[in-house]
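# A structural walkthrough
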Amino acid sequence: MALEGDYAQEKTGWVADQLAKIDETGTTSSVAVAGMSVVLFTYRGPKSGKLFRRPLMRVEKDGVYAAVASLGGAPENPVWFSAMLKNDEVEVQDGSTVVSGPVREIHGAEREEWWTRAVAAYPPYADYQEKTDRLIPIVLVEPGRA
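The text that follows walks through the structure, step by step, so that each part is easy to find. (Residues numbered from 1 in each chain as written. Predicted model: local features only at pLDDT ≥ 70, side-chain atom pairs only at ≥ 80, totals over all residues. Heavy atoms only, no water.)

## Considerations on the overall build of the protein chain
Along the protein chain, the regular secondary structure elements total 4 helices and 9 strands. Starting at the N terminus and ending at the C terminus, the protein chain contains elements arranged as α-β-β-β-β-β-α-β-β-β-α-α-β. Here the C-alpha radius of gyration of the protein chain, 14 Å, is about what a compact globule of 146 residues would show, namely 15 Å. In terms of principal-axis extent, the alpha carbons of the protein chain reach across some 35 × 35 × 30 Å. Counting all 146 residues of the protein chain, 45% fall into the buried class. Long-range pairs, those at least 24 residues apart, make up 64% of the contacts in the protein chain with a sequence separation of at least 6. Summed over all atoms, the accessible surface of the protein chain reaches about 7800 Å², with 50% contributed by carbon and sulfur. Positive and negative side-chain charges in the protein chain, numbering 16 and 21 respectively, have mean positions lying 3 Å apart. (Helix = DSSP H or I, 4+ residues; strand = E, 2+ residues; numbered from the N terminus. Rg over C-alpha atoms; globule rule 2.2 N^0.38 Å. Buried < 20%, exposed > 50% of the residue type's maximum accessible area, 1.4 Å probe, protein only. Contact = heavy atoms within 4.5 Å. Areas by Shrake-Rupley, 256 points an atom, 1.4 Å probe, with all protein chains shown as cover. Lys, Arg positive; Asp, Glu negative; His and termini not counted. Charge placed at Lys NZ, Arg CZ, Asp CG, Glu CD.)

As structure tokens, this is what we get:
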């Protein structure tokens, strides 16, 4: 089911540029970070009710997508992390394909397995973890799972 509603205006210039390019081309394949693929997560803001879009590094296995809340190794989690967790359903655009599913934070061995995948997809994540005292959280969006 497609998320419907008004979109929040993106305030960060380079993110707005990425979103404009994705909108123009219809595919996340038109955007990359350091030559690596991104996917587009869309979720509803819990306070505003508006839809927010976050291009994040592509970390995927068997149709399940991970969102890594690194914020470049900052001491705090990105704002989208807690907002995304307050959603029952999140959309993910990978290329021109859009899927949706429930979202959940992962822990323990499951998180470690996905962390390994995340670092393989985007090696700077390892450096980001070294820069911060917090354990960088990972959220999964699992299309097809009720």
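The discussion continues.
## Overview of the packing of helix α3 (residues 108-121) against helix α4 (residues 124-131)
Where α3 meets α4, the closest approach of the two axes is 7 Å, and the angle between their N-to-C directions is 120°. Our classification of the angle between α3 and α4 gives oblique. Contacts from Arg111, Trp115, Ala118 and Val119 in α3 reach Tyr125, Ala126 and Gln129 in α4. Broken down by class, the residue content of the contact of α3 with α4 amounts to 5 nonpolar, 1 polar and 1 charged. (Axes fitted to C-alpha atoms, helices over the stretch in contact; angles between N-to-C directions. Parallel < 35°, antiparallel > 145°, perpendicular 65-115°, else oblique. Nonpolar A, V, L, I, M, F, W, Y, C, P; charged D, E, K, R; others polar.)

## Observations regarding the sheet that holds strand β8 (residues 103-105)
Strand order across the open sheet formed by 4 strands is β4-β5-β9-β8, with antiparallel pairing between neighbours. The open sheet has two edge strands with one neighbour each: β4 (60-61) and β8. With 3 bridges joining them, β8 and strand β9 (residues 138-141) adopt antiparallel strand pairing. Residue Val103 lies in a different strand from β9, and its bridge partner there is Val141. Strand contacts of α3: β4, β5 (64-68), β8 and β9, with the helix running at about 90° to β9, the strand carrying the most contacts. (Pairing = 2+ DSSP bridges.)

## Description of the nonpolar core
Counting 21 residues, the largest nonpolar core has Ala66, Val68, Trp114, Trp115, Tyr125, Ile138 and Leu140 as the members making the most contacts within it. When contributions to this core are tallied by element, the ones reaching two or more residues are α1 (13-25), β2 (36-44), β5, α3, α4 and β9. Beyond its immediate stretch of four places on either side in the chain, Ala66 contacts Phe41, Met57, Val59, Trp114, Ile138, Val139 and Leu140. The next biggest cluster of nonpolar side chains, apart from the first, holds 16 residues, and it includes Phe81, Val92, Val103 and Val139. (Core = buried A, V, L, I, M, F, W, Y, C linked by side-chain atoms within 4.5 Å.)

## With respect to the packing of aromatic side chains
Applying the stated rule across the entire model yields 5 aromatic pairs. Note on Tyr43 and Phe52: the rings are 5.7 Å apart at their centroids and 15° apart in plane angle, and the pair reads as stacked. A relative accessible area of 3% means that Tyr43 is categorised as buried. Phe52 sits in the partly exposed class, given a relative accessible area of 25%. Between the aromatic rings of Tyr122 and Tyr125, the centroid separation amounts to 5.0 Å while the plane-to-plane angle is 75°, which identifies the pairing as edge-to-face. Each of the two residues, Tyr122 as well as Tyr125, counts as buried. Against the face of Tyr7 rests Arg53, its NZ or CZ located 5.4 Å from the ring centre. When the ring centre of Trp114 is taken as reference, the NZ or CZ atom of Arg117 above it lies at 4.5 Å. (Phe/Tyr/Trp six-rings, centres within 6.5 Å; stacked < 30°, edge-to-face > 60°. Lys NZ or Arg CZ within 6 Å of the ring centre and 35° of its normal.)

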